[in-house]
Amino acid sequence: MKFKFILFSIFLFSASYGQQLVQPGLQIVDRYKPNVPSLAIKANPLTLFGNYIDAGVEYRNQRSGWVLMNHSFFGDENSVRFTALGENYTATTGYIRFEAAHRWYRQSSTLFRANVERYNGIYFTAGGASFVTSDSYDIGPDGNVVFFSPLTEGSRIDLIVGAEFGRTRNVFGQSSPLYAETMWKLGYNLGARVPQVLYSLRFNYKVN
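Residues numbered from 1 in each chain as written. Predicted model: local features only at pLDDT ≥ 70, side-chain atom pairs only at ≥ 80, totals over all residues. Heavy atoms only, no water.

A.B. asks: How would you explain the packing of aromatic side chains if you had to name every residue and give the values?
C.D. replies: For the coordinates displayed, the defined rule picks out six aromatic pairs. When the centroid spacing of 6.3 Å and the interplanar angle of 75° are considered together, the rings of Y32 and Y179 count as edge-to-face. Residue Y32 is found in the loop between helix 1 (2-22) and strand 1 (38-43), and its partner Y179 is found in strand 10 (residues 178-189); the two are separated by 147 residues along the sequence. For the pair Y32 and Y179, one class covers both residues: buried. Consider the rings of Y105 and Y119, whose centres lie 5.3 Å apart with planes at 55°: the pair is tilted. Pair noted here: Y105 is in strand 5 (residues 88-109) and Y119 is in strand 6 (residues 115-134), with a separation of 14 residues, a long-range link. Members of the aromatic cluster, joined through ring pairs, are Y52, F73 and Y95. A cation over an aromatic ring shows up here: R97 above the ring of Y95, its NZ or CZ 3.9 Å from the ring centre. (Phe/Tyr/Trp six-rings, centres within 6.5 Å; stacked < 30°, edge-to-face > 60°. Helix = DSSP H or I, 4+ residues; strand = E, 2+ residues; numbered from the N terminus. Buried < 20%, exposed > 50% of the residue type's maximum accessible area, 1.4 Å probe, protein only. Lys NZ or Arg CZ within 6 Å of the ring centre and 35° of its normal.)

Below is the structure:
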């Protein structure tokens, strides 16, 4: 049994390594020069289908960059952004937040002599949020929330700090000024006292 397990482990490792060999690397051109700052416009395309704004600019060179973003959400009492924990039900009805971030970019060569660009960064977000809350509710047989008293409106100041980890992608060709980025954002909302875990997709357009 132990011998079969060892053979199975070797097979999985070989298959995984073989897949890495046949897949082309993420190709990144030298879009940004080491000591020449450039401006890029950033936006999340998924915000076109909802009551969201996720857009901003980045001032960067090949090694580092500064990001300024606006995150806004305009919802209602039926928002999917709710928590029902213990005796409290809270639904976010809207927020306006401004983010400042600093990134450090790095490039590494692949087996196909292409450059892969990845980055790590830290971010700080400040803004305000409105919400409705109730401490008199129950979950009905159909899974919906049933309230026994009217929802109470409230507001709070949001302060979020965290780190981001991502990479850029040439989905429109290596020479195109339009490129994409994907990243994980791991932070903590000091105002709401909850962690923040986000996966983000943005398109970037290099202006100069």
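Moving on, there is more to tell.
A.B. asks: Describe the environment of I28, and please don't skip the residues or the numbers.
C.D. replies: Note that I28 resides in the loop between helix 1 and strand 1. Residues contacting I28, with those up to four places away along its chain left out, are Q107, N115, V116, E117, T168 and N170. (Contact = heavy atoms within 4.5 Å.)

A.B. asks: A description of the environment of S155 should follow, citing residues and the corresponding values.
C.D. replies: Mapped onto the secondary structure, S155 falls in strand 9 (residues 152-169). Those residues in contact with S155 that lie beyond four places of it in its chain are A129, S130 and F131.

A.B. asks: Please give an account of a nonpolar patch on the surface that cites residues and values.
C.D. replies: Nonpolar side chains collect at one region of the surface, where L39, I41, V57, Y59, W66, L68, Y205 and V207 lie side by side and expose about 800 Å² of accessible area between them. Counting only elements with at least two residues in the nonpolar patch, the list comes to strand 1, strand 2 (52-60) and strand 3 (64-74). In this fold, L39 is placed in strand 1. Overall, the relative accessible area of 32% leaves L39 in the partly exposed class. (Patch = residues over 30% accessible without salt bridge, like charges linked within 9 Å, V, L, I, M, F, W, Y side chains within 5 Å. Areas by Shrake-Rupley, 256 points an atom, 1.4 Å probe, with all protein chains shown as cover. Salt bridge = Lys/Arg side-chain N within 4 Å of Asp/Glu carboxyl O.)

A.B. asks: So what's going on with the pairing of strand 9? Which residues, and what values?
C.D. replies: Both strand 6 and strand 9 contribute to a ladder of 16 bridges, which runs antiparallel. When the sheet's bridge partners are listed, A126 is paired in strand 9 with L159. Pairing geometry for strand 9 and strand 10, over ten bridges, is antiparallel. Counted as the bridge partner of G166 is M183 from strand 10. (Pairing = 2+ DSSP bridges.)

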